[in-house]
Amino acid sequence: MTAKKNATTVAVKDFAPNQYPRGCRYDLDLDLGLQAEAGSLPLILLRGAERGETLVVTAGIHGDEYEGVRAILEVCHELDPLRMKGDLLAVTAANPAALWERSRTSPIDGGNLARLFPGSLEGSPSEVIAFHLGRSVIAHADLYLDLHSAGVKLLMPSMVGYDANDERSRSAALDFGAPVIWGHPVVEAGRTISFAAECGIPWLYTEARGAGRIAPDDLRMFKRGMRNLLLRLGILDGSIDVIPPQHRLYGNGDTDSSLIANERGFFIPDVNLLDHVVTGEPLGRTLSLHGETLEEFYAPHAGVVGLVRVCPVVHPGDPVFLIADIHP
């Protein structure tokens, strides 16, 4: 028996969170006017019984990252709007077409939604999503959280990233309660978080182990972190579950700046995630199917291994390692 769909469709031009009465949950499909599966965004709006601040949370910017989707679904199910002071506005899957295809990028236009902000109404479907997601969702935040993980081909630490230039962001990262926090002095344009920064909104994002699975520890971290941010903003009443970080990293966390493969081959890493390395230390290698070494990878500088490729088959252009600095 198929469950009846109970979400209400609302045109993006008509969407305004403040128009909804307080003390209720609203399940909405935000119609973007696109004639494709990417044409709507699934929103959950929890309006507290009293006025307060707004936490905006997004997941599924990349379609092969699942921890954030489940965390949002479960936290929203557990919350009672009548016991909230303020609002939670959540997008369970910002890139629905990619989610159903289990793909990092859109199957409609090949776009990487995490690189297309602020978007454009005259652009591709992915650019239209970015345009509306920024202006109709993220812009309402007093604090913005973007839930990512490493996807199916990479391995990243269970972490929260923050704006190293914004004390509000750094403090929120400590409240989030991840085992690894990563401060970024620079964020490249095109990201959800760069859009938030341009709006003056403090932001955080997460990463986790990924690999197409949801690790129980990572799900707990995501859910605890969301609740801690709701407590931080006063949306929920209670004490933050403080968990000091085990690692403090710093620097450019952009996977686009990773070491990349130049040869097709079978990839074998020689270091583990969060290992400390020195400049020039061997990190791994790519072999032919006869065992011939095709390419070797070395640490470009001293630091901590912040990303490792876990899919053994590599093609030219695939990221294989990212080395982070230790926080000064």
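In short, a report on the structure. (Residues numbered from 1 in each chain as written. Predicted model: local features only at pLDDT ≥ 70, side-chain atom pairs only at ≥ 80, totals over all residues. Heavy atoms only, no water.)

**Concerning the packing of aromatic side chains**
Enumeration according to the criterion identifies seven aromatic pairs in this entry. Residues Tyr-20 and Tyr-26 carry aromatic rings whose centres are separated by 4.9 Å and whose planes lie at 50° to one another, so their mutual orientation is tilted. Across this residue pair, the class does not change: Tyr-20 and Tyr-26 are buried. An aromatic cluster is present here, built from Phe-15, Tyr-20 and Tyr-26 joined pairwise through their rings. (Phe/Tyr/Trp six-rings, centres within 6.5 Å; stacked < 30°, edge-to-face > 60°. Buried < 20%, exposed > 50% of the residue type's maximum accessible area, 1.4 Å probe, protein only.)

**Structural notes on helix H3 (residues 125-136)**
For H3, built from 12 residues, the straight-helix expectation of 16 Å at 1.5 Å per residue is met to within 8% by its first-to-last C-alpha distance of 16 Å. Of all 12 residues that make up H3, nine are buried, and the element is covered over most of its length. For H3, the complete set of buried residues consists of Ser-126, Val-128, Ile-129, Ala-130, Phe-131, His-132, Leu-133, Gly-134 and Ser-136. Taken together, the buried residues of H3 touch strand S2 (24-31), strand S3 (40-47), strand S4 (50-59), strand S5 (85-91) and helix H5 (192-198). (Helix = DSSP H or I, 4+ residues; strand = E, 2+ residues; numbered from the N terminus. Expected span 1.5 Å × (residues − 1). Contact = heavy atoms within 4.5 Å.)

**What about the environment of Glu-74?**
Along the chain, Glu-74 turns up in helix H1 (residues 67-78). When its relative accessible area of 22% is taken as the criterion, Glu-74 is described as partly exposed. Along the chain, Glu-74 and Lys-223 lie 149 residues apart, while their C-alpha atoms are 7.9 Å from each other. Among the polar contacts made by the side chain of Glu-74, one reaches the side chain of Lys-223 at a distance of 2.9 Å. (Polar contact = N/O pair within 3.5 Å; in protein donor to acceptor, adjacent residues only side chain to side chain.)

**Things to note about the sheet that holds strand S16 (residues 293-298)**
Across a sheet, strands are paired by hydrogen bonds formed along the backbone, either parallel or antiparallel in direction. If you trace the four strands from one edge of the open sheet to the other, you get S16-S15-S13-S18, paired in antiparallel fashion. Only two strands of the sheet have a single neighbouring strand rather than two, namely S16 and strand S18 (313-314). Sheet analysis places strand S15 (residues 282-287) next to S16, joined by five bridges and oriented antiparallel. Considered in S16, the bridge of Pro-282 is made with Tyr-298. (Pairing = 2+ DSSP bridges.)

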